[in-house]
Amino acid sequence: MSPSRAEPPLAYEYPSETKEQLEYAELEVLDISKLNQPGGKQALAEQVLKFINKNGVGFFYVVGHGFSEEGVRRQYALCDAFFQLPLEEKLQYECDTAKGDFRGYKPQSTGKLATRDNDERYNIPKFTPEHERAHPQLIKDHWDEIRTFSLKIHNDVLLPLLRLFAYVLEIDENYLVARHRYEAEGLEYLRYMKYHPRSAEADAQTGNIWAKGHTDYNTLTFLFHQPVAGLQVQTPEGKWKYVRSPKDAIIVNIADALEFLSGGYLKSTVHRVVRPPEDQADKPRLSLIYFARPEANILLKPVLSPLLQRLGLQAETEQFSHDVTAEEWARARIAKDHRFRTGLVDQPEREIIAGVSQKYYD
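Bear in mind the structure is a predicted one, so any value in this text is a computation, not a measurement. (Residues numbered from 1 in each chain as written. Predicted model: local features only at pLDDT ≥ 70, side-chain atom pairs only at ≥ 80, totals over all residues. Heavy atoms only, no water.)

**Q** Outline the sheet that holds strand β6 (residues 209-214), listing residues and values.
**A** One open sheet accounts for four strands, arranged β6-β11-β8-β9; its pairing is antiparallel. At either margin of the open sheet sits one strand with a lone partner, and together these are β6 and β9 (240-242). Mean inter-strand twist for the sheet, computed between neighbouring axes without regard to direction, equals 25°. By the bridge criterion, three bridges tie β6 to strand β11 (residues 271-274) in an arrangement that is antiparallel. Along β11, the bridge assignment pairs A211 with V273. (Pairing = 2+ DSSP bridges. Helix = DSSP H or I, 4+ residues; strand = E, 2+ residues; numbered from the N terminus. Axes fitted to C-alpha atoms, helices over the stretch in contact; angles between N-to-C directions.)

Below, the structure written as structure tokens:
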């Protein structure tokens, strides 16, 4: 067996936590194991209302999710092993971001474009016939466990949260779930991601930014424990605060599609990644992330919500100038980012599609 096919280690050792004193955002912790307990759903709904009304930040923690530390470490071991494959092998599976397609491998930018993009990624799409495609042997050798991990996120974390948010909005509790059927046409994916450390001088040229401030374009994003500090969230006052990554918690952030579907009530929050503290700055930053999206043909129209009507927040006008599907929105966002990352445009483009613009740039 060649070195590129080496069996990944069964255990993965996390880098050490930083010892620097950082200013962290105070985020709500939702224990979803309580959803089926008497009064649990109501208590969790109060927590959701609390973080929406208190800080306006669409980031929170989920615990009680049923993932073992061993299972998460196993995925990180596979993630680490993937990025150790030769570049020429990984490039055989490159994604077509020019067409808004994020399935497969995205390499790190180099040369004069290196300041625009400091990571490489491998996106593993839903395990449905629509997304059958070639994968490296490493991925195929561990197909069943990756599939089990991905499906657990969808079924055991995403769907309960969608029912909870529907309950908060006082709508049919299956309204959002019915728009995220796993077997339906559309894309969700598990991402293996690696940020590469740079010298202090190189980082200074980019203002120590590893990933520019942005919102995610999907429904919910799930980030598993990752101890290298760097993720920051922007508060409504415009201040940047670090997001702590507890070992037993999944960081969840609300993304654009859920903001559109909830009439702007559930906020898609600007976040970024910056150079880690000095005691971690020489470490690669691996990430294990799951992106949940609505079905491809779902129109991003706000739901009619008794809660929003009562609060006077029910939108009377459409945010888009014409109907836009979840697939159209995602592809427009990905293609726009591709043009800037690859140097086809020198300045980030503001408008995404149908008169709706990117929220923020560093």
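Continuing now.
**Q** Run through the environment of I153, naming residues and quoting values.
**A** Summarising the element assignment, I153 is placed in helix α5 (residues 143-169). Here the alpha-carbon distance between I153 and G66, two residues 87 residues apart in the chain, equals 9.7 Å. Dropping the residues within four chain positions of it, I153 is found in contact with F67, L158, L190, F222, F224 and Y290. (Contact = heavy atoms within 4.5 Å.)

**Q** Outline the sheet that holds strand β5 (residues 189-195), listing residues and values.
**A** Working definition: the strands of a sheet are paired by backbone hydrogen bonds and lie parallel or antiparallel to each other. Read across the open sheet, the eight strands follow the order β1-β2-β10-β7-β12-β5-β4-β3; overall the sheet is mixed. What marks the edges here is a single partner per strand, and that holds for β1 (29-31) and β3 (104-106). Taken over all neighbouring pairs, the strand axes of this sheet differ in orientation by 25° on average, direction set aside. The pairing of β3 with strand β4 (residues 119-125) spans three bridges and is antiparallel. Bridge pairing in β4 links K106 to R121.

**Q** Give a description of the packing of aromatic side chains that names residues and reports values.
**A** Two measures describe an aromatic ring pair: the distance that separates the ring centres and the angle between the ring planes. Taken as a whole and assessed by the stated rule, the structure comprises 18 aromatic pairs. Consider the rings of F60 and F165, whose centres lie 6.1 Å apart with planes at 80°: the pair is edge-to-face. On the criterion of sequence distance, the pair formed by F60 in strand β2 (residues 59-63) and F165 in helix α5 is long-range, its members being 105 residues apart. Owing to a relative accessible area of 0%, F165 belongs among the buried residues under this scheme. Every member of this aromatic cluster is reached through a ring pair, and the members are F82, F83, Y105 and Y122. Taking the ring centre of Y182 as reference, the NZ or CZ of K126 above it sits at 5.5 Å. Against the face of F102 rests R191, its NZ or CZ located 4.9 Å from the ring centre. (Phe/Tyr/Trp six-rings, centres within 6.5 Å; stacked < 30°, edge-to-face > 60°. Buried < 20%, exposed > 50% of the residue type's maximum accessible area, 1.4 Å probe, protein only. Lys NZ or Arg CZ within 6 Å of the ring centre and 35° of its normal.)

**Q** Report on the pairing of strand β12 (residues 285-292), specifying residues and quantitative values.
**A** Taking burial as the measure, the eight residues of β12 include eight buried ones, the bulk of the element. Taken together, the seven bridges between β5 and β12 define a ladder with antiparallel strand orientation. From the neighbouring strand, L190 faces β12, where its bridge partner is Y290. Where strand β7 (residues 220-223) lies against β12, four bridges are found, and the strand directions are antiparallel. Each residue of the ladder has a partner; that of L220, found in β12, is A292.

**Q** Before we move on, can you summarise the pairing of β11 with the specific residues and values?
**A** Burial along β11 is two-sided: H271 and V273 facing one way and R272 and V274 facing the other are all buried. Relative to β11, strand β8 (residues 231-234) runs antiparallel, the two being bridged by three bridges. Looking at β11, one finds that L231 is bridged to V273.

**Q** Can you explain the environment of D337? Please cite residues and give values.
**A** One can find D337 in helix α9 (residues 326-341). Sequence separation between D337 and D323 is 14 residues; the distance between their C-alpha atoms is 22 Å.

**Q** Kindly report on the nonpolar core, identifying the contributing residues and their values.
**A** Ranked by size, the top nonpolar core spans 104 residues in total, and within it L161, F165, Y192, L220, F222 and W329 carry the most contacts. Top contributing element to this core by residue count: α5, with 14 residues. If near-sequence neighbours (up to four positions away) are discounted, L220 is found in contact with L158, L161, L162, F165, V252, N253, I254, A255, L258, Y290, F291 and A292. Ranked by size, the runner-up nonpolar core spans six residues in total, among them L22, Y24, I209 and Y242. (Core = buried A, V, L, I, M, F, W, Y, C linked by side-chain atoms within 4.5 Å.)

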